[in-house]
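This is what each chain is made of:
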Amino acid sequence: MIWVVKLGGSQCNDARLATWLDMLEDCGKGKVVIVPGGGPYADAVRAQQQRWSFSDAVAHRMALLAMDQFALQLNGMNPQLVLTPTHASIVTALANNRLALWLPSAMLLAAADIAATWDISSDSLAAWLARTLQAERLVLVKSCTIPLDATIDELVRCEIIDRGFTNMTSAAPFRIQIVSVSDIDQVCRDLAHF
């Protein structure tokens, strides 16, 4: 039983980020894999691509490294998180009752089914990992307020979720939960009953 929890890179400077890491460390050992967003690191890639007009393929590789950078930041904030660059290392961390922190670039650069486009962001990549791991649940933690009863299509239209997410989660065998960064107590309660 695995949960994939994506912490958006937009929370990079949010004071609640440390609280999320502590809560996941307390409640998620042995069952949670954290997926880092790209945040300001990916924003820098977008800015440089606009400035220098390099290809989406190059930008995609750089954006994956931006996710790695945020993972390293999260690990620096909480060294108890186990950096996991491979499927095997994720399984091992969870089997050892640890909290896995995905270092995504190696797995994603080797994945032929990931399009090199800005339509695929860390939201869709978290869904890809959830499918790969046969996870029970995917939780996307967002900086904004999530409207009650909003559909995924509505969240895509509002640009809260990336455009590739709908295709990536088509017929998903896992539950999808999209929450605000302020919904930490709800996620903690859900994890406690998992």
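We now turn to the structure provided with this report. Note that the structure is predicted; figures quoted are calculated from it, not measured. (Residues numbered from 1 in each chain as written. Predicted model: local features only at pLDDT ≥ 70, side-chain atom pairs only at ≥ 80, totals over all residues. Heavy atoms only, no water.)

## Thoughts on the pattern of salt bridges
Evaluated as defined, the whole model comprises seven salt bridges. With its nearest N and O atoms 2.5 Å apart, the salt bridge here joins Arg163 to Asp119. In this pair, Arg163 is assigned in the loop between helix 7 (152-157) and helix 8 (165-168) and Asp119 in the loop between helix 5 (105-109) and helix 6 (122-132), connecting sequence segments 44 residues apart. For Arg163, a relative accessible area of 56% gives the class exposed. Residue class for Asp119 comes out partly exposed when judged on its relative accessible area of 27%. One salt bridge in this structure joins Arg137 and Asp190, with 3.4 Å as the shortest N-O distance. With a gap of 53 residues between them, Arg137 in strand 5 (residues 137-142) and Asp190 in helix 9 (residues 184-192) connect regions that are remote in the sequence. With a relative accessible area of 13%, Arg137 lands in the buried category. One salt-bridge network, in which partners are shared between bridges, spans Lys6, Asp123 and Lys142. (Salt bridge = Lys/Arg side-chain N within 4 Å of Asp/Glu carboxyl O. Helix = DSSP H or I, 4+ residues; strand = E, 2+ residues; numbered from the N terminus. Buried < 20%, exposed > 50% of the residue type's maximum accessible area, 1.4 Å probe, protein only.)

## Some thoughts on the packing of helix 2 (residues 39-52) against helix 3 (residues 56-77)
The interhelical angle for the contact between helix 2 and helix 3, taken along N-to-C directions, is 155°, at an axis separation of 8 Å. Judged by the inter-axis angle, helix 2 sits roughly antiparallel to helix 3. Seen from above, helix 2 lies across helix 3 with right-handed handedness. Across from Tyr41, Ala42, Val45 and Gln49 in helix 2, the residues of helix 3 making contact are Asp56, Ala59, Met62, Ala63, Ala66, Gln69, Phe70 and Gln73. (Axes fitted to C-alpha atoms, helices over the stretch in contact; angles between N-to-C directions. Parallel < 35°, antiparallel > 145°, perpendicular 65-115°, else oblique. Left-handed = near helix turned anticlockwise from the far one by under 90°. Contact = heavy atoms within 4.5 Å.)

## Quick look at the sheet that holds strand 5
Read across the sheet, six strands follow the order 3-4-2-1-5-6 without closing on themselves; strand pairing throughout is parallel. This sheet does not close on itself; its edge strands, each paired only once, are strand 3 (82-84) and strand 6 (175-180). Adjacent strand axes in the sheet meet at a mean angle of 25° when their direction is disregarded. For strand 3 and strand 4 (residues 100-102), the ladder comprises three bridges, and the chain directions are parallel. Paired with Thr84 across the two strands is Trp102, which belongs to strand 4. Contacting strand 1 (3-7), strand 2 (32-36), strand 3 and strand 4, helix 3 runs over the sheet at an angle of about 125° to strand 2. (Pairing = 2+ DSSP bridges.)

## Looking at the environment of Leu94
Its location among the elements puts Leu94 in helix 4 (residues 87-95). Of the residues examined, Leu94 reaches a relative accessible area of 9% and is grouped as buried. The sequence separation of Leu94 and Met1 amounts to 93 residues, and the corresponding C-alpha distance is 9.8 Å. Each residue touching Leu94, except ones within four places of it in the same chain, is listed here: Ile2, Gly30, Lys31, Val32, Val33 and Ala100.

## Quick look at the packing of aromatic side chains
Counted according to the given criterion, the structure contains one aromatic pair. On the numbers, 6.3 Å between centres and 15° between planes, the contact of Trp102 with Trp128 is stacked. Here the residue Trp102 occupies a position in strand 4, and Trp128 occupies one in helix 6, the gap between them amounting to 26 residues. Here the two residues Trp102 and Trp128 agree in accessibility, since each one is buried. Arg51 extends its terminal NZ or CZ atom over the ring of Trp52, reaching a point 3.9 Å from the ring centre. (Phe/Tyr/Trp six-rings, centres within 6.5 Å; stacked < 30°, edge-to-face > 60°. Lys NZ or Arg CZ within 6 Å of the ring centre and 35° of its normal.)

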